[in-house]
Amino acid sequence: MTLAINKRRLLLASAALALVVITGLLLARLTLTGMAVGSLLRLGGASEISFNVASASPWRVVVENLGFKVRTQLFAAHRVTFARSHWWTPSLGSVHIEQARVPVTIDGSDTNPQDWPTYQNGTAAVAPTSLPLEEISIDGQLIIRAAALPDQALTVKFDAQPSSGGKWSAQVAANGPGLGVKGGGTFDPAKHELAFQVPEMSLDLKLWQGFVQRLVLLPGGAWDIEGKLTGSAAGRLVGKELAAGGKVQLREGRVRYAQKDITAEGIEADLEFIDLDKFVTKPGTVRVRELRTGQLALQDLRGEFAFASANQITVSHASLKALGGTVAAEPFTYFLNQRELSAVLLVDGISVEEVLALTQDLPAKAVGRVNGRLPVRIDGSGLRLGTGWLALKPGVYAELQLNAGGLLTNGVAPGSASYSVLKKIESGLLKLKLGELRLDIRPPNVPAGRSAQLHLAGEPVDPEVKAPVVLDLNVNGPIEKLINLGMDSRVSFGGSKP
């Protein structure tokens, strides 16, 4: 009886000891696994590491609630699973990361997390590495951030596997509201070289305009922008040296700058980048159905342009239809950071009547068409005209009707032969049929304060009045006020009489 009791006690003690040993081994394994994971992350430059080891065996390790930081870049994942077919091999096996969450600040409003100390002069200063993995897959979210904007989450799927020659191949897809990207590539760990292709990408500018304007500074401040961007890209990244190109297309574009009452609609563009890193392109095209600024409407804008850098645009051709004629620009260069535009406009067949309709209180009405050459400069202070001219289109007559008492008769003796005719012309009772009309803007060698000279030559439309008329008028004060706002105290007419 005593012997049986002792045997039972021995069995219970042995079972308890075995349980303690198994529990100790399990705890030790979890502890050792945790130490190994922490050491691996620290070797990769991570700090502020936190996680739980949910399970651990030679074939499978599960880590949950993982979080760490590399410099300022945060990383997090709900679960990371390491599965190994052969536990005795020096490999992490197949790695599957679930519910990853990586915030990325795109506008530089945080410290640059990509500026790691392992990079010097744009190349990687690290030894060739081999990846101790059989494959890796990641499901999660990329959180796009910028100052003063709500976060935008993208769903990301990433898979990578070893390929021939010690390289790795990968596929990635990212999707979110108004954005989609699909791509792939190969990575050579021995050379730290990544070759990538992005055959499909799309972006809805209306949904992402806040982020776009954090990256691209538009003249004057905030604009409302819309449109569908699509494109593709391919290239190679060695260390921090990028050699890449791509294509971009814009359709259904629309922009509005409410502060200056500027709206452009029906925008289409096609552009091919030959150097994405330096923002250099081949000559591309842009088309705008209508550009409206105040009362002025411009249609069918067409241009050929190229980016010489992220700040410099070279325009080789630009044309549009406006005011009953066409306007083209001589080639010019626009620097985005200067927020000003200087160009020379070539005018063909512009309607004088439509030009005068843009002015306010101008004491004249006219019909006819003119050609010309006008240097213009547009900056924060508005429009300024350089030395140029407008002249009546050859072979075309114009008609002019004035409504400015005293304009022509001031200084003319009432008893003179021409007084009565001039009085009827300036009061609008007689229209003039013009064979010559030329406006010289800021001509050289004119008195200070004079911005233009107008030459008119013709005769009354009424065939009963035989009185050839030649008028040379001066515009005193900024002529831009006539174009923009009409007559004011700084603009006046004067000059010689016939």
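Procedures and definitions
- Residues numbered from 1 in each chain as written.
- Predicted model: local features only at pLDDT ≥ 70, side-chain atom pairs only at ≥ 80, totals over all residues.
- Heavy atoms only, no water.
- Salt bridge = Lys/Arg side-chain N within 4 Å of Asp/Glu carboxyl O.
- Helix = DSSP H or I, 4+ residues; strand = E, 2+ residues; numbered from the N terminus.
- Buried < 20%, exposed > 50% of the residue type's maximum accessible area, 1.4 Å probe, protein only.
- Phe/Tyr/Trp six-rings, centres within 6.5 Å; stacked < 30°, edge-to-face > 60°.
- Core = buried A, V, L, I, M, F, W, Y, C linked by side-chain atoms within 4.5 Å.
- Contact = heavy atoms within 4.5 Å.
- Pairing = 2+ DSSP bridges.

**Observations concerning the pattern of salt bridges**
Piece 1. A full pass over the atoms with the stated rule returns 21 salt bridges.
Piece 2. Glu48 serves as the salt-bridge partner of Lys69, at 3.6 Å between the closest nitrogen and oxygen. Here Lys69, found in strand E2 (residues 60–70), pairs with Glu48, found in strand E1 (residues 46–56); they are 21 residues apart in sequence, far enough to count as distant.
Piece 3. Under the relative-accessibility criterion, Glu48 is labelled exposed at 57%.
Piece 4. Ionic pairing is found between Glu340 and Arg377, a salt bridge with its closest N-O pair at 2.8 Å. In this pair, Glu340 is assigned in the loop between strand E20 (332–335) and strand E21 (341–351) and Arg377 in strand E23 (residues 369–379), connecting sequence segments 37 residues apart.
Piece 5. Judged by relative accessible area, which is 24%, Glu340 ranks as partly exposed.

**Description of the packing of aromatic side chains**
Piece 1. With the rule as written, the count across this model stands at six aromatic pairs.
Piece 2. Between Trp208 and Phe211 the ring centres are 5.2 Å apart and the planes differ by 50°, which places this aromatic pair in the tilted class. Linking Trp208 with Phe211, this pair stays in helix H2 (residues 205–215), spanning three residues, or about one helical turn.
Piece 3. Judged by its relative accessible area of 7%, Phe211 is buried.
Piece 4. On the basis of an interplanar angle of 15° and a centroid distance of 4.8 Å, the ring pair of Trp223 and Tyr257 is categorised as stacked. With Trp223 in the loop between H2 and strand E12 (224–238) and Tyr257 in strand E13 (residues 241–257), this pair connects stretches of sequence that are 34 residues apart. The same class applies to Trp223 as to Tyr257, namely buried.
Piece 5. Through pairs of rings, three or more aromatic residues link up here, namely Phe273, Phe279, Phe305 and Phe307.

**Observations concerning the nonpolar core**
Piece 1. Counting 48 residues, the largest nonpolar core has Leu400, Leu408, Ile425, Leu432, Leu434, Leu439 and Leu456 as the members making the most contacts within it.
Piece 2. Examining the composition of this core, we find that five residues originate from one element, strand E27 (residues 432–441), more than from any other.
Piece 3. Formed by 19 residues, the second largest nonpolar core is a distinct cluster that contains Leu41, Val53, Val61 and Ala170.

**Side note on the side chain of Thr81**
Piece 1. Its place among the elements puts Thr81 in strand E3 (residues 73–83).
Piece 2. Residue classification places Thr81 among the buried residues on the basis of a relative accessible area of 10%.
Piece 3. When near neighbours in sequence (up to four residues on either side) are disregarded, Thr81 contacts Arg60, Val61, Val62, Ser94, Val95, His96 and Glu98.

**Side note on the pairing of strand E19 (residues 325–329)**
Piece 1. A one-sided burial pattern is seen for E19, the buried positions being Gly325, Val327 and Ala329 and the unburied ones Thr326 and Ala328.
Piece 2. Bridge analysis of strand E18 (residues 312–322) against E19 gives five bridges, and the strand direction is antiparallel. What sits directly across from Ala322, in E19, is Gly325.
Piece 3. Linkage of E18 to E19, two consecutive antiparallel strands, is achieved through a turn of two residues, within which Leu323 is found at a positive phi near 55°.

**Quick look at H2**
Piece 1. When we look at burial in H2, the residues that qualify are Leu205, Trp208, Gln209, Phe211 and Gln213.
Piece 2. Tucked inside the fold, the buried residues of H2 contact strand E7 (135–145), strand E8 (152–162), strand E10 (179–188), strand E11 (193–204), E12 and E13.

**Digging into the pairing of E20**
Every regular strand shows the same layout, with side chains that alternate between the two sheet faces.
Piece 1. Covered by surrounding structure in E20 are Phe332 and Tyr334 only, the residues Thr333 and Phe335 on the alternate face being uncovered.
Piece 2. Strand direction decides the pairing type here: E18 and E20, joined by four bridges, are antiparallel. For Gln312, the partnering residue across the bridge sits in E20 and is Phe335.

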